[in-house]
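What follows is the residue order along each chain.
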Amino acid sequence: MARSRGTTFAVAVLAIVAVALAAMVAWRSSKHRAERAVTEKIEAAAQRGDTVAARPLDPKAAEAREHEEARAFAERHGGSGLKQLVGTEHYNALSPECRGFIDAYVEATDKPDVSAADRQRAEEAESRFGASCT
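Model, not experiment: these values are computed from the prediction.

## Some points on the confidence of the model for the protein chain
As a general rule, the predicted coordinates of low-pLDDT regions are not to be interpreted in detail.
Part 1 of the reasoning: The predicted model of the protein chain has a mean per-residue pLDDT of 79, with 84% of residues at 70 or higher.
Part 2 of the reasoning: The secondary structure element of the protein chain with the lowest average pLDDT is helix H2 (residues 59–77), at 74, and the one with the highest is helix H1 (residues 2–48), at 85.

Next comes the structure, spelled out in structure tokens:
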């Protein structure tokens, strides 16, 4: 009887391991097929000339990219820039349009956490200022 229990237990463990292994193989295979299907759809759309949406990044990669862009923006615009003109004689002598560009820049960057949209608005205001006011 003891031999029968040991054999039954070993067979049960082997069956559980086999089922788990088969489930893992099936999951990886279905994941690979799904990725391949998405890639084929993107390639087909590109060949037709349709606009192709970018694949969404995983959240960690998107967050890391956002931090890197914020750091690079802070290096380019930190300390110098249009903020230093506010309240000076030069600022007061500017046209209302040029002061508006400076105000838009300051509004977009005068936050502890500058978002991607704020950085875009700030760079746009800075380029408009450079094109129209210098």
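There is more to say after this.
## Remarks on the nonpolar core
One broad trend across soluble globular proteins is that nonpolar side chains are buried collectively.
Part 1 of the reasoning: Membership of the largest hydrophobic core comes to 14 residues, with the highest contact counts inside it found for Ile102, Tyr105 and Phe129.
Part 2 of the reasoning: Mapped onto this core, the elements with two or more residues apiece are helix H4 (96–109) and helix H5 (116–132).

## With respect to the packing of H4 against H5
Part 1 of the reasoning: Between H4 and H5, the least distance of the axes is 8 Å, while the angle of their chain directions is 160°. Considered as vectors, H4 and H5 are oriented roughly antiparallel to each other. Crossing handedness for the pair H4 and H5: left-handed. In this structure, H4 uses Cys98, Phe101, Ile102, Ala104, Tyr105, Glu107, Ala108 and Thr109 to contact H5, whose residues at the interface are Asp118, Arg121, Ala122, Ala125, Glu126, Arg128, Phe129 and Ser132.
Part 2 of the reasoning: Residues that form the contact of H4 with H5 fall into these classes: 9 nonpolar, 2 polar and 5 charged.

## Quick notes on H5
Part 1 of the reasoning: The first and last C-alpha atoms of H5 sit 24 Å apart over 17 residues, in line with the 24 Å expected at 1.5 Å per residue.
Part 2 of the reasoning: Within the sequence span of H5, burial applies to Asp118, Arg119, Ala122, Ala125 and Phe129. For H5, the buried positions fall inside an angular range of 130° around the axis, keeping them on one side.

## Details of the pattern of salt bridges
Part 1 of the reasoning: The final tally for this structure, using the stated rule, is 2 salt bridges.
Part 2 of the reasoning: With a closest N to O distance of 3.0 Å, arginine 121 and aspartate 118 form a salt bridge. Here arginine 121 pairs with aspartate 118, and both are found in helix H5, just 3 residues apart, close to one helical turn.
Part 3 of the reasoning: Overall, arginine 121 belongs to the partly exposed group, its relative accessible area being 39%.
Part 4 of the reasoning: The salt bridge involving arginine 128 is made with glutamate 124; its shortest N-O contact spans 3.6 Å. Residue arginine 128 and its partner glutamate 124 are both found in helix H5; the two are separated by 4 residues, about one turn of the helix.

## Observations concerning the side chain of aspartate 118
Part 1 of the reasoning: Since its relative accessible area comes to 6%, aspartate 118 is described here as buried.
Part 2 of the reasoning: Side-chain polar atoms of aspartate 118 contact the side chain of arginine 121, separated by 3.0 Å.
Part 3 of the reasoning: Among residues more than four places away in sequence, those in contact with aspartate 118 are Ala108 and Lys111.

Parameters and conventions
Residues numbered from 1 in each chain as written. Predicted model: local features only at pLDDT ≥ 70, side-chain atom pairs only at ≥ 80, totals over all residues. Heavy atoms only, no water. pLDDT = per-residue confidence, 0-100. Helix = DSSP H or I, 4+ residues; strand = E, 2+ residues; numbered from the N terminus. Core = buried A, V, L, I, M, F, W, Y, C linked by side-chain atoms within 4.5 Å. Buried < 20%, exposed > 50% of the residue type's maximum accessible area, 1.4 Å probe, protein only. Axes fitted to C-alpha atoms, helices over the stretch in contact; angles between N-to-C directions. Parallel < 35°, antiparallel > 145°, perpendicular 65-115°, else oblique. Left-handed = near helix turned anticlockwise from the far one by under 90°. Contact = heavy atoms within 4.5 Å. Nonpolar A, V, L, I, M, F, W, Y, C, P; charged D, E, K, R; others polar. Expected span 1.5 Å × (residues − 1). Arc of directions from axis to C-beta. Salt bridge = Lys/Arg side-chain N within 4 Å of Asp/Glu carboxyl O. Polar contact = N/O pair within 3.5 Å; in protein donor to acceptor, adjacent residues only side chain to side chain.

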